[in-house]
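# Observations on the three-dimensional arrangement
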Amino acid sequence: MVVEDDPDILEVTELALKSRGFQTLGASAGADAVDICRTRQGQIDAIVADLSIPGDQSRFTDTVAAEYPNIKIVYATGIPRHIALSTGMVQANAPYLQKPVDADLLASVLRGQLLGTG
């Protein structure tokens, strides 16, 4: 699943992943992503998550990680990594890509996470 509040980036990211063999779902808000995970239990393997979703005070990725520890989370965001780390938004070992994200790199990181090699 791709979680991105910018509809153009959401669409481009989904298309890029689909063209590289991934099945995708999109969500434009953290609450929507959590709802999708709950209604499609066992069907979501990974989330590509933006960290700067407006109004996402609850950090939807924390909820997903707590409820579904098998779902891999890859962060693709415009927030610099050092800021995300220093503010506790992500853990140091979290897969983290700075926007703009190269589609091949994103696909490679996702595959590594899904195969347990990333």
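Worth saying up front: this structure is predicted, and the values here are computed from it rather than measured.

## Looking at helix 3 (residues 60-67)
- Turning to helix 3, its buried residues number three or more, namely Phe60, Thr61 and Val64. One face of helix 3 carries all of its buried residues, which in axial projection span an arc of 95°.
- Tucked into the core, helix 3 has its buried residues touching strand 1 (2-3), helix 2 (30-39), strand 3 (46-49) and strand 4 (72-77).

## Overview of the pattern of salt bridges
- Across all of its chains, the model carries four salt bridges by this definition.
- A salt bridge links glutamate 4 to lysine 99; its shortest N-O distance comes to 2.5 Å. Of the two residues, glutamate 4 sits in the loop between strand 1 and helix 1 (7-18) while lysine 99 sits in the loop between strand 5 (96-98) and helix 5 (103-115), which places them 95 residues apart along the sequence.
- Its salt-bridge partner being aspartate 50, residue lysine 99 comes within 3.3 Å of it at the nearest N-O pair. Here lysine 99 is found in the loop between strand 5 and helix 5, whereas its partner aspartate 50 is found in the loop between strand 3 and helix 3, with 49 residues between them in sequence.
- Residue classification places lysine 99 among the partly exposed residues on the basis of a relative accessible area of 24%.

## Some thoughts on the side chain of glutamine 113
- By secondary structure assignment, the location of glutamine 113 is in helix 5.
- Here glutamine 113 is in contact with Lys72, Val74, Pro95 and Gly118, once residues within four sequence places are set aside.

Parameters and conventions
Residues numbered from 1 in each chain as written. Predicted model: local features only at pLDDT ≥ 70, side-chain atom pairs only at ≥ 80, totals over all residues. Heavy atoms only, no water. Buried < 20%, exposed > 50% of the residue type's maximum accessible area, 1.4 Å probe, protein only. Helix = DSSP H or I, 4+ residues; strand = E, 2+ residues; numbered from the N terminus. Arc of directions from axis to C-beta. Contact = heavy atoms within 4.5 Å. Salt bridge = Lys/Arg side-chain N within 4 Å of Asp/Glu carboxyl O.

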